[in-house]
Amino acid sequence: MAKNFYLRDVERELIIIEDFEKTVCKLELDREALLETPYAFVDRNGDYKAPFAVRENLAKIFCLRYPEQILRAISLKEAKWHKEVLEIAEPLRQQALNSFYDQYRAAFSLIREWCGKEKAAEINHINILRNEIRRLRKMVESTADWLKSSGHHVKAKNLLKQLNEHDPYDTGS
């Protein structure tokens, strides 16, 4: 059931965790630490309400707990933005969009810091390697197409078979 939110000005500055008991268990949060926060409480509906500062602490906890997922999401978002900016032909619109995204890039930089420099570097290397694998696969597929068009159907078929024998993202586990 969706709740209607008619927040007063004060409530807009709060962090609200709906169904606090269930959420704390599911996310393995420290229930007592959250409740010890000054001015934090659970309302009669079971929702946790606390000052805005709690958000930063929760964000840091999630960055330490789920760095790969968070960093991957950031990388995907930035790649999408980069593509959007490149697709715009008008320089003024590109500049405006870049300026808008710069605000988020600053936040993403802080999140990367919270996830740990080592983990951020590792994710960056993984992304570079994935892009290189995609590039090499395209090159092999192009070579197979050339072989086929040159009358070397068997060689082309064998090349594609070898290429597709293994999942490029299989970690071997």
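Up top is the structure these notes are about.
Residues numbered from 1 in each chain as written. Predicted model: local features only at pLDDT ≥ 70, side-chain atom pairs only at ≥ 80, totals over all residues. Heavy atoms only, no water.

**Brief notes about the overall build of the chain**
Stated precisely, the cut-off is as follows: In this text, helices come from DSSP runs of H or I with a minimum length of four residues, and strands from runs of E with a minimum of two, each type numbered from the N-terminal end. Three exposure classes are used, based on accessible area relative to the maximum for each residue type with a 1.4 Å probe and protein chains only: buried under 20%, partly exposed in between, and exposed over 50%. Residues are treated as being in contact if the distance between any of their heavy atoms lies within 4.5 Å. Methods summary: accessible areas were calculated by the Shrake-Rupley approach with a probe of 1.4 Å, and residue burial reflects only the protein chains presented.
Within the chain, the secondary structure is distributed over seven helices and three strands. Listing every helix and strand of the chain by position from the N terminus yields β-α-α-β-β-α-α-α-α-α. In the chain, buried positions account for 21% of the 173 residues. A separation of at least 24 residues holds for 55% of the contacts in the chain among residues at least 6 apart in sequence. Accessible surface for the chain amounts to roughly 13400 Å². Of this, 56% is attributable to carbon and sulfur atoms.

**Topic: the environment of Val-154**
Here Val-154 shows up in helix α7 (residues 153-164). The exposed category is assigned to Val-154, whose relative accessible area is 60%.

**Comments concerning the nonpolar core**
What counts here: Buried residues of nine kinds, namely Ala, Val, Leu, Ile, Met, Phe, Trp, Tyr and Cys, make up a nonpolar core once their side-chain atoms join them within 4.5 Å.
Within the largest apolar cluster, eleven residues are counted, these being Ile-15, Ile-17, Phe-20, Val-24, Leu-29, Leu-34, Ala-40, Tyr-48, Ala-50, Val-54 and Leu-58. Setting aside its immediate chain neighbours within four residues, Leu-34 contacts Phe-20, Val-24, Leu-29, Ala-40, Tyr-48, Val-54 and Leu-58. Grouped together as the second largest cluster of nonpolar side chains are seven residues, Ile-74, Leu-97, Tyr-101 and Phe-108 included.

**Some points on unusual backbone geometry**
At Asp-19, a residue that is not glycine, the phi angle is positive and equals roughly 45°. Inspection of the secondary structure puts Asp-19 in the loop between β1 (14-17) and α1 (20-27). The phi dihedral of Tyr-39 falls on the positive side, at around 70°, and the residue is not glycine. Looking at where Tyr-39 falls in the secondary structure, it is placed in the loop between α2 (31-36) and β2 (41-42).

**Here's the deal with the packing of helix α4 (residues 67-87) against helix α5 (residues 91-115)**
Packed helices, taken two at a time, are described by the angle their axes make and the gap between the axes. Note the cut-off: To get an axis, fit a line to the C-alpha atoms, keeping to the stretch in contact for a helix; angles then go from 0 to 180 degrees between the N-to-C directions. Throughout, the term roughly parallel applies to angles under 35 degrees, roughly antiparallel to angles over 145, roughly perpendicular to angles from 65 to 115, and oblique to all others. For any helix crossing, the convention is left-handed if the near helix is rotated counterclockwise from the far helix by under a right angle, and right-handed if that rotation is clockwise.
The N-to-C vectors of α4 and α5 enclose an angle of 165°; their axes lie 11 Å apart at closest approach. Compared by their axis directions, α4 and α5 come out roughly antiparallel. With respect to the hand of their crossing, α4 and α5 are arranged in left-handed fashion. Facing Pro-67, Ile-70, Leu-71, Ile-74, Ser-75, Lys-77, Glu-78, Trp-81, Glu-84, Val-85 and Leu-86 of α4, the residues of α5 in contact are Gln-94, Leu-97, Asn-98, Tyr-101, Tyr-104, Arg-105, Phe-108, Ile-111, Arg-112 and Cys-115.

**Comments concerning the environment of Asn-158**
Position of Asn-158 among the secondary structure elements: in helix α7. Linking Asn-158 and Ala-144, residues 14 residues apart in sequence, is a C-alpha distance of 8.8 Å.

**Section: the sheet that holds β1**
Spelled out, the test is: For two strands to be treated as a pair, DSSP must find no fewer than two bridges joining them.
Strand order in this open sheet of three strands is β1-β3-β2, and the pairing throughout is antiparallel. Every interior strand has two partners, whereas the edge strands, β1 and β2, have only one. As judged from the two bridges shared by β2 and strand β3 (residues 48-51), these two strands associate in the antiparallel manner. The partner of Val-42 across the bridge, within β3, is Tyr-48.

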